[in-house]
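Tertiary structure, described
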Amino acid sequence: MKKNFYIIFKTLELGGIETLIVRLCNFLADRGHEVHFITSKKGTLTKLLPQNVKIGYFGAFYPLLIFAKINNFFIKKPDPNDENYIISFNPQSNFIAMSIAKSMKIRNFVTGVYHPQSLTKLNTGPNKKLYTDAFLSLNHKNIIAMNEGTKKQFTEIGYKNVFDIDIFPLPINIPPHHKVDYGGDLRIVSVGRLVEFKSYPIGIIRALRNMKKEGIIFHYHIYGEGSQKDIIKEEIRNNGLENEVELKGNIEYSKFHHTVSQYNLFVGMGTAAVEAASIGIPTLVALIDSPDKTYGFLHEQRGFSVGEIENRVNFSNLSSELKNIRTKNNRKKIGEKCKQHALKFSADKIIPGIFNRDIRHEPTPWTPKKIQIIIFLITTFLANIVGSRSTHK
């Protein structure tokens, strides 16, 4: 039976969920399935989608897809005799996906929660209640989470069947062999958005200040952009590490493995940490909202948490872990263990399981209020226009 997949997301800029969508589209298209990507505009990562993925750009009119007449006119209606799936990955895209699924009678529905704050700290603004109510109306079988830490936010917003929600860890493509040079001076790399809850670069910089006083030679390169860039620059300057620590800007996702293979220690969280470990780099897992604590190395993690704080896990200091990985043999040994652990996140193992189960979406009695719809349309329409203008500046 033919399978059709409709993936809904605003735009593919550089980020963990966005790279996940790229991998998911490639995985499904490579297996001969018909994949539709419904989005507002072309993003940085759009070029990495397979050519046979059907992309629908809707610009500032993306929010109008909540209306049946609009989405039935612009989106190819699937054959009811096929197996049809619709997938979303954040609160806004979930609300739009629910609307499309209802009007186009797509029964197989799944929304993936692959950010530990997507329903709490990141779900702000005038549409917070709308997005929360939409999520709370879903059956547990239509929700997947990337780990136990991510499921905590379900309880915070009042979801009742938290324990029944299935966990499917962040799937990655296991890359071909990359040679890693474990010898020489300590060469540390971090890759990720420079945002407030990812404060570990500051903790590393402060730990490196003390290592420099002890005569330890090192280099630390930070790849990424974000609101905390100037704060990190100031931290580098205040600690006298201008010659040892460097902000490198963004790197293309397609060049990630080649870039990080030039280092002998990775510090970070989420997708980037797992992907770095997958080529054998010793990978220290940093913590959300903590500049100086760590779980330890990836292979020491329980379950599938890669940065989310869990009460049952003992933490250690970044500074002590940095000092304990100074020999070539130790780096190689830890790198190989991290690589083996990363195999648990293989897309070949994880993605089929997401869809090989009952994810039929039963219509719920919940419907948004008219005022919620009006606010949603105004705010998202304006946000899309502003985003489009800033992109073309």
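Residues numbered from 1 in each chain as written. Predicted model: local features only at pLDDT ≥ 70, side-chain atom pairs only at ≥ 80, totals over all residues. Heavy atoms only, no water.

1. Concerning the pattern of salt bridges
Two side chains with opposite charge may pair up if their charged atoms get near one another. Counted only if it meets this: A pairing counts as a salt bridge when a side-chain nitrogen of Lys or Arg comes within 4 Å of a carboxyl oxygen of Asp or Glu. Strands here mean DSSP runs of E at least two residues long; helices mean DSSP runs of H or I at least four residues long; both are numbered from the N terminus. Residue burial is assigned from relative accessible area. The probe radius is 1.4 Å, only protein chains are included, and a residue is buried under 20% of its type maximum, exposed over 50%, and partly exposed in between.
On inspection of all chains with the given rule, the structure shows 16 salt bridges. Its salt-bridge partner being lysine 2, residue glutamate 34 comes within 3.0 Å of it at the nearest N-O pair. Pair noted here: glutamate 34 is in strand 2 (residues 34-39) and lysine 2 is in the segment before strand 1 (3-8), with a separation of 32 residues, a long-range link. The buried category is assigned to glutamate 34, whose relative accessible area is 14%. Between aspartate 133 and lysine 129 there is a salt bridge, with its nearest N and O atoms 3.1 Å apart. Separated by 4 residues within a single helix, aspartate 133 and lysine 129 lie in helix 4 (residues 128-136), roughly one turn from each other. Among the residues examined, aspartate 133 registers a relative accessible area of 18% and is labelled buried. Connected through salt bridges with shared partners, the residues Lys2, Glu34 and Lys76 form a single ionic network.

2. Description of the sheet that holds strand 12 (residues 283-287)
Cut-off, in case you're wondering: For two strands to be treated as a pair, DSSP must find no fewer than two bridges joining them. Whether two residues touch is decided by their heavy atoms; if any such pair falls within 4.5 Å, the residues are in contact. Fitted lines through C-alpha atoms serve as axes, helices being fitted only where they are in contact, and the angles separating the N-to-C directions of these axes extend from 0 to 180 degrees.
Strand order in this open sheet of 7 strands is 10-9-8-11-12-13-14, and the pairing throughout is mixed. Across the chains shown, the open sheet's two edge strands, defined by having one partner strand only, are strand 10 (245-249) and strand 14 (316-317). Direction of pairing for strand 13 (residues 290-297) relative to strand 14: antiparallel, over a ladder of 2 bridges. When the bridges of strand 14 are listed, lysine 293 appears paired with asparagine 317. Strands in contact with helix 9 (residues 270-277) are strand 8 (186-191), strand 11 (265-268) and strand 12; relative to strand 11, the strand with the most contacts, it is inclined by about 160°.

3. What about the sheet that holds strand 4 (residues 83-88)?
The 7 strands are arranged 3-2-1-4-5-6-7 in an open sheet whose pairing can be described as parallel. Strands at the two margins of the open sheet, each flanked by one partner only, are strand 3 (54-57) and strand 7 (166-167).

4. A word on the environment of isoleucine 106
On the secondary structure map, isoleucine 106 appears in the loop between helix 3 (91-104) and strand 5 (108-113). With residues near it in sequence (within four places) discarded, isoleucine 106 still touches Tyr6, Pro78, Asn84, Tyr85, Ile86 and Ala101.

5. Overview of the packing of helix 1 (residues 16-30) against helix 12 (residues 347-355)
We count it as follows: If an angle is under 35 degrees, it is roughly parallel; if it is over 145, roughly antiparallel; if it lies from 65 to 115, roughly perpendicular; otherwise it is oblique. Three classes are used: nonpolar for Ala, Val, Leu, Ile, Met, Phe, Trp, Tyr, Cys and Pro, charged for Asp, Glu, Lys and Arg, and polar for all others, with Gly counted as polar.
Relative to each other, helix 1 and helix 12 sit at 80°, their axes nearing to 11 Å. Considering the angle they form, helix 1 stands roughly perpendicular to helix 12. Seen from helix 1, the contacting residues are Leu24, Phe27 and Leu28; seen from helix 12, they are Ala347, Asp348, Ile351, Pro352 and Phe355. Grouping the constituent residues of the contact of helix 1 with helix 12 by class yields 7 nonpolar, no polar and 1 charged.

The quantities given are spatial measurements derived from coordinates; they are silent on function.
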